[in-house]
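This is what each chain is made of:
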Amino acid sequence: MTVIGLGLIGGSMAVDLKRRGFASQVLGVEADPVNAAAAEKIGLVDEVLPFAEGVCRGEIIVLAVPVGEAVRMLPEILDMFGGKGSGTEEARENPGKIVIDVCSTKSSLVRAAEGHPMRGRYVSTHPMAGTEYSGPWAAMSGMFDGKACVICDSAKSGQDALDVIEKMYDVLNMRTIRMDASNHDMHAAYVSHISHVTSFALALTVLKQERSDRHIFDLASGGFSSTVRLAKSNADMWVPILTQNRDNVLDVIDTYMEEMTAFRDAIATEDGARIRELIGEANRIRRIIK
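Residues numbered from 1 in each chain as written. Predicted model: local features only at pLDDT ≥ 70, side-chain atom pairs only at ≥ 80, totals over all residues. Heavy atoms only, no water.

1. Here's the deal with the overall build of the protein chain
Here is step 1 of the chain: Along the backbone of the protein chain there are 13 helices and 8 strands.
Here is step 2 of the chain: A compact globule built from 290 residues should have a C-alpha radius of gyration of about 19 Å, and the protein chain, at 21 Å, falls within 12% of that.
Here is step 3 of the chain: Viewed in the frame of its principal axes, the protein chain has a C-alpha envelope of about 70 × 40 × 30 Å.
Here is step 4 of the chain: Within the span of the protein chain, comprising 290 residues, buried residues form 44% of the whole.
Here is step 5 of the chain: Considering only contacts in the protein chain between residues 6 or more positions apart, those separated by 24 or more positions represent 70%.
Here is step 6 of the chain: Looking at the protein chain as shown, the accessible area adds up to about 15100 Å², and 54% of this sits on carbon and sulfur atoms. (Helix = DSSP H or I, 4+ residues; strand = E, 2+ residues; numbered from the N terminus. Rg over C-alpha atoms; globule rule 2.2 N^0.38 Å. Buried < 20%, exposed > 50% of the residue type's maximum accessible area, 1.4 Å probe, protein only. Contact = heavy atoms within 4.5 Å. Areas by Shrake-Rupley, 256 points an atom, 1.4 Å probe, with all protein chains shown as cover.)

See below:
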């Protein structure tokens, strides 16, 4: 298999799929020369190759780059599989090749592949796992164990391709869920994207108010650290996610601001009963998240 983008997600997949015997060889494609050298040195991949050669040699291509780059690359990779004449002969002669993406938004990607003669070779996936760290040094074994992976618009993918990719995620000890791309993007805005936006905003709020870095360091406890840790996430990944899922993210931000206003009003009027009511409503999340 070939992993394009040797950061946290791509690198972690490469490690476990090789270690657990799913892939006999893992090839890498990485635009950043420092990351490419590091990924090869620490053993995330067997070899780092140029883009076209990586696509040619891989049977499964994993797009693990920011979603804007993935939207650009996906049609080009499908072209190389066949149907539009822009790829290598070796790739076009292997109709069994599969390309997946692991991006956090899906609608723009499925639109990019819509109508392509090789659309059936593309499986749109989102493994719901990660940390606030990035780069090949952040890759870790076991990161996907026990997590969920969403497969989007599965009816448009070939059944053989789906079978292979579901087996791949089974090797990663993930449970698969199927939904359409638009529903995925709406749900992701609520359970993932808003968490990052609020973490970024909280970090900015504290950094503006606390003039001394020392005070933040001395006083920040577990609650603050766990809430704001996502503010360390990489802008190169999150800018395209938030812009491409703009409408859903704006809906969630508007709802979040309504709830923040409710808390503000109750606190401003010293309405303890209302504050208790709001906290009690929020406590219902315990039924979902243990």
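2. Notes on the layout of surface pockets
Here is step 1 of the chain: The calculated volume of the second largest pocket comes to roughly 360 Å³.
Here is step 2 of the chain: Lining the second largest pocket are 13 residues, with Thr198, Ser199, Ala201, Tyr256 and Met260 positioned closest to its centre.
Here is step 3 of the chain: At 8 residues, the largest contribution of residues to the lining of the second largest pocket is made by helix α8 (residues 181-209).
Here is step 4 of the chain: Split by residue class, the lining of the second largest pocket holds 8 nonpolar, 5 polar and no charged. (1 Å grid on protein atoms, 1.4 Å probe; cavity = no way out; pocket = protein on both sides within 12 Å on 5 of 7 lines; lining within 4 Å. Points joined across faces, edges and corners; volume = space filled by probe spheres on them. Nonpolar A, V, L, I, M, F, W, Y, C, P; charged D, E, K, R; others polar.)

3. What about the nonpolar core?
The nonpolar side chains of a soluble globular protein tend to be buried with one another.
Here is step 1 of the chain: One finds Met13, Val62, Ile100 and Tyr169 to be the most contacted residues of the largest nonpolar core, which totals 36 residues.
Here is step 2 of the chain: Put simply, the parts of the chain that give this core at least two residues each are α1 (8-19), β4 (60-63), β5 (98-101), β7 (148-152) and α7 (159-171).
Here is step 3 of the chain: In contact with Ile100, not counting residues within four places along its chain, are Met13, Ile61, Val62, Leu63, Tyr122, Val123, Thr125, Ile165, Met168 and Tyr169.
Here is step 4 of the chain: Counting residues in each nonpolar core, the second largest holds 27 residues, with Leu74, Met80, Phe81 and Tyr122 among its members. (Core = buried A, V, L, I, M, F, W, Y, C linked by side-chain atoms within 4.5 Å.)

4. Regarding a nonpolar patch on the surface
Here is step 1 of the chain: A grouping of Val34, Ile42 and Trp137 is seen on the molecular surface, where their side chains present a nonpolar patch of about 340 Å² in accessible area.
Here is step 2 of the chain: Here Val34 shows up in helix α2 (residues 33-41).
Here is step 3 of the chain: For Val34, a relative accessible area of 53% corresponds to the exposed category. (Patch = residues over 30% accessible without salt bridge, like charges linked within 9 Å, V, L, I, M, F, W, Y side chains within 5 Å. Salt bridge = Lys/Arg side-chain N within 4 Å of Asp/Glu carboxyl O.)

5. Here's the deal with the sheet that holds β5
Here is step 1 of the chain: Taken together, the 8 strands give an open sheet; going across it, the order is β3-β2-β1-β4-β5-β6-β7-β8, and neighbouring strands pair in mixed fashion. Looking along the sheet, the strands with just one partner apiece sit at the ends: β3 (47-48) and β8 (175-179).
Here is step 2 of the chain: For strand β2 (residues 27-29) and β3, the ladder comprises 2 bridges, and the chain directions are parallel. The residue bridging Leu27 from the neighbouring strand is Glu47, located in β3.
Here is step 3 of the chain: Its contacts with the sheet place helix α4 (residues 67-81) against β1 (2-4), β4, β5 and β6 (122-127), and it is angled at close to 165° to β4. (Pairing = 2+ DSSP bridges. Axes fitted to C-alpha atoms, helices over the stretch in contact; angles between N-to-C directions.)

6. Description of the pairing of β7
Here is step 1 of the chain: Burial analysis of β7 places 5 of its 5 residues in the buried class, the great majority of the element.
Here is step 2 of the chain: With burial as the criterion, each face of β7 is covered, one bearing Ala148, Val150 and Cys152 and the other bearing Cys149 and Ile151.
Here is step 3 of the chain: Taken together, the 5 bridges between β7 and β8 define a ladder with parallel strand orientation. When the bridges of β8 are listed, Cys152 appears paired with Met179.
Here is step 4 of the chain: At this point the chain moves from β7, through α7, to the parallel β8, and the crossover so formed is right-handed. (Right-handed = clockwise from strand over helix to strand, strands pointing away.)

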